[in-house]
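Here is what each chain is made of, one letter per residue.
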Amino acid sequence: LYQEFWEERVGAGRRQLLHRRIGQRKETAYGARAVEIAAELAVHFTESYEEHLAVQYREAAARNAMARSAYTDATLHLRKALALLDQQPQTSEQAQRELPLRILLGVSLLTSKGYADPEVEQTYERARVLSQQVGETPLLVQSLLGLLRYCAVRGQYARAREYGEQCLRLTQRRRDPAVRTWVHCFVGEVLFHTGQFHAAQAQLEQGIALYDPQRDQRAIPLYGQDPKIGCL
């Protein structure tokens, strides 16, 4: 009631100025720890029409929520960030900002709505297109792995294997063990469920060999599981 009364008495321009000043003051006060209050800052910068900062802190708030396994909250932050981006001109810079949000949204949807939900496919397909446009190979692999998991759970194993082969080709060229661990894990799972046990064992053993606990456990929020447990 107090808030409604206050908003009636204070004009829109004044509210916008106050939100900007509060957001800037808190951002300065927290400094490097500003991400700790990312959700609050996102509200202030949204209300002050500073879209770039609002998107930045919505993404940070989503990552904070995912670190607590609060995937429903993360999904809400990411949807609001994407809604802000949709209001901007379609440029290469906008595509680069949208891409990591789509990857994070895919993980949130996998966990909160289920691997086979149609929105999971739509989200990762959009991420795949964006990653090819901007040339982000690691994020392209994450997009393909999201599509692989969607197809596998829906029983579309031919498509899942196709996505897996693309991931293997991409990671072999880059020789990036941080990404290859996950690729071997998910490709091995698909091969296992299609009865190709020798090929599955080879993939899963490679995933275990590349596993680095410190490195890979930090990436768990981006994939939703521990790759070594999956391989084992």
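Student: If you had to explain the packing of helix H3 (residues 38-47) against helix H4 (residues 51-67) to someone new, which residues and values would you point to?
Tutor: Two numbers describe a pair of packed helices, the interaxial angle and the distance between the axes. Packing of H3 against H4 leaves a shortest axis separation of 8 Å and a crossing angle of 155 degrees. As summarised for this structure, H3 and H4 are arranged roughly antiparallel, according to the angle between their axes. At the point where H3 passes H4, the crossing takes the left-handed sense. Listed contacts from H4 to Ala38, Ala39, Leu41, Ala42, Val43, Phe45 and Thr46 of H3 are Leu53, Ala54, Tyr57, Arg58, Ala60, Ala61 and Asn64.

Student: Describe the packing of helix H7 (residues 118-134) against helix H8 (residues 137-153), with residues and values.
Tutor: Where H7 meets H8, the closest approach of the two axes is 8 Å, and the angle between their N-to-C directions is 155 degrees. It follows that H7 is roughly antiparallel to H8 by the angle criterion. The interaxial crossing formed by H7 with H8 has left-handed handedness. In contact with Pro118, Val120, Glu121, Tyr124, Glu125, Ala127, Arg128, Ser131 and Gln132 of H7, H8 contributes Leu139, Leu140, Gln142, Ser143, Leu144, Gly146, Leu147 and Tyr150. When grouped by side-chain class, the residues that make up the contact of H7 with H8 number nine nonpolar, five polar and three charged.

Student: So what about helix H11 (residues 197-210)? Which residues, and what values?
Tutor: When the terminal C-alpha atoms of H11 are compared, their 20 Å separation across 14 residues agrees well with the 20 Å that a helix rising 1.5 Å per residue should span. When H11 is considered as a whole, its buried residues turn out to be Ala200, Gln203, Leu204 and Gly207. Buried residues of H11, viewed axially, fall in a sector of 95 degrees; they line one side. Relative to its buried face, H11 has exposed residues pointing more than 90 degrees away, namely His198 and Ala209. Where H11 is buried, its residues contact helix H9 (157-174), helix H10 (177-193) and helix H14 (227-231).

About the criteria used
Residues numbered from 1 in each chain as written. Predicted model: local features only at pLDDT ≥ 70, side-chain atom pairs only at ≥ 80, totals over all residues. Heavy atoms only, no water. Axes fitted to C-alpha atoms, helices over the stretch in contact; angles between N-to-C directions. Helix = DSSP H or I, 4+ residues; strand = E, 2+ residues; numbered from the N terminus. Parallel < 35°, antiparallel > 145°, perpendicular 65-115°, else oblique. Left-handed = near helix turned anticlockwise from the far one by under 90°. Contact = heavy atoms within 4.5 Å. Nonpolar A, V, L, I, M, F, W, Y, C, P; charged D, E, K, R; others polar. Expected span 1.5 Å × (residues − 1). Buried < 20%, exposed > 50% of the residue type's maximum accessible area, 1.4 Å probe, protein only. Arc of directions from axis to C-beta.

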